[in-house]
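Close look at the chain arrangement
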Amino acid sequence: MKVQDSKFNWIFNIIFHVEFVSLKMEFVHPDFPRISASPDICFGKPRIKDTRMPIASILAYLASGMTIDEFVNEFNWITKEDVLEAIAFASMMMQDNYMPVTKNG
């Protein structure tokens, strides 16, 4: 009976692991190690690694007039280096994007 129990436990553990433990897919940009994206966190949007703070949210706070120091004080789990890397990442992502300009009139 002990042999069957150990076989059952082994099979159960494998099935449980495969079926109920999600595989963590996290993508980290090679030039920006503080930035990551995962399909099941923040809808796959780029964010500060190991947090749920999207890069777009950081930019929105800064665009609204908040300084980097104020941001870091408000969100104390984010470092100044995280914010600077988020800005650099956003800049790089926008480098080849443009809005077509037309002449009015």
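Please refer to the structure placed before this passage.
The paragraphs below set out a description of the structure included in this document. (Residues numbered from 1 in each chain as written. Predicted model: local features only at pLDDT ≥ 70, side-chain atom pairs only at ≥ 80, totals over all residues. Heavy atoms only, no water.)

Below, the discussion takes up the sheet that holds strand β2 (residues 32-37). What the three strands build is an open sheet, ordered β1-β2-β3; its pairing is antiparallel. A strand with exactly one partner marks an edge of an open sheet, and here the two such strands are β1 (27-29) and β3 (47-48). In the sheet, β1 pairs with β2 via three bridges, with the strands oriented antiparallel. Bridge pairing in β2 places Phe 27 opposite Ala 37. The strands touched by helix α4 (residues 80-94) within the sheet are β1, β2 and β3, with β2 carrying the most contacts at an inclination of about 70°. (Pairing = 2+ DSSP bridges. Helix = DSSP H or I, 4+ residues; strand = E, 2+ residues; numbered from the N terminus. Contact = heavy atoms within 4.5 Å. Axes fitted to C-alpha atoms, helices over the stretch in contact; angles between N-to-C directions.)

Right, let's get into the nonpolar core. Residues Ile 35, Ile 48, Ile 55, Ile 58, Phe 71, Ile 78 and Val 83 are the most contacted members of the largest nonpolar core, which totals 15 residues. At the level of secondary structure, the elements contributing two or more residues to this core comprise β2, α2 (55-63), α3 (68-74) and α4. In terms of residues, this core owes the most to one element, α4, which gives four residues. In this structure Ile 58 touches Ile 48, Met 53, Phe 71, Val 83 and Ala 86, once residues within four positions along its chain are discounted. (Core = buried A, V, L, I, M, F, W, Y, C linked by side-chain atoms within 4.5 Å. Buried < 20%, exposed > 50% of the residue type's maximum accessible area, 1.4 Å probe, protein only.)

We now examine the packing of α2 against α4. Direction vectors running N to C along α2 and α4 enclose 100°, while the axes themselves pass 10 Å from each other. What the angle tells us is that α2 and α4 run roughly perpendicular. Taken together, the residues of α4 that come into contact with α2 (itself represented by Ile 55, Ile 58, Leu 59 and Leu 62) are Val 83, Ala 86, Ile 87, Phe 89 and Ala 90. Of the residues assigned to the contact of α2 with α4, the class counts are nine nonpolar, no polar and no charged. (Parallel < 35°, antiparallel > 145°, perpendicular 65-115°, else oblique. Nonpolar A, V, L, I, M, F, W, Y, C, P; charged D, E, K, R; others polar.)

Another point: the pattern of salt bridges. As enumerated under the stated definition, the model contains three salt bridges in all. When the shortest N-O distance is used, the salt bridge between Glu 26 and Arg 47 registers 2.8 Å. Taken together, the residues span a long stretch of sequence, with Glu 26 in the loop between α1 (2-20) and β1 and Arg 47 in strand β3 at a distance of 21 residues. According to the relative accessible area criterion, Arg 47 is buried, its value standing at 1%. Residue Asp 82 pairs with Arg 34 through a salt bridge whose shortest N-O separation is 2.8 Å. (Salt bridge = Lys/Arg side-chain N within 4 Å of Asp/Glu carboxyl O.)

With that out of the way, let us pick up α2. Inspection of α2 places Ile 55, Ile 58 and Leu 62 among the buried residues, and these make up the whole buried set. Relative to the axis of α2, the buried residues are bounded by an arc of 60° and lie together on one face. Counted as exposed and oriented over 90 degrees from the buried face of α2: Ala 56 and Ala 63. Two residues or fewer after α2 comes Gly 65, characterised by a positive phi angle close to 115°. (Arc of directions from axis to C-beta.)

Glancing now at the pairing of β2. As consecutive antiparallel partners, β1 and β2 are separated by two residues. Sheet analysis places β2 next to β3, joined by two bridges and oriented antiparallel. Bridge assignment links Ile 35 to a residue of β3, and that residue is Ile 48.

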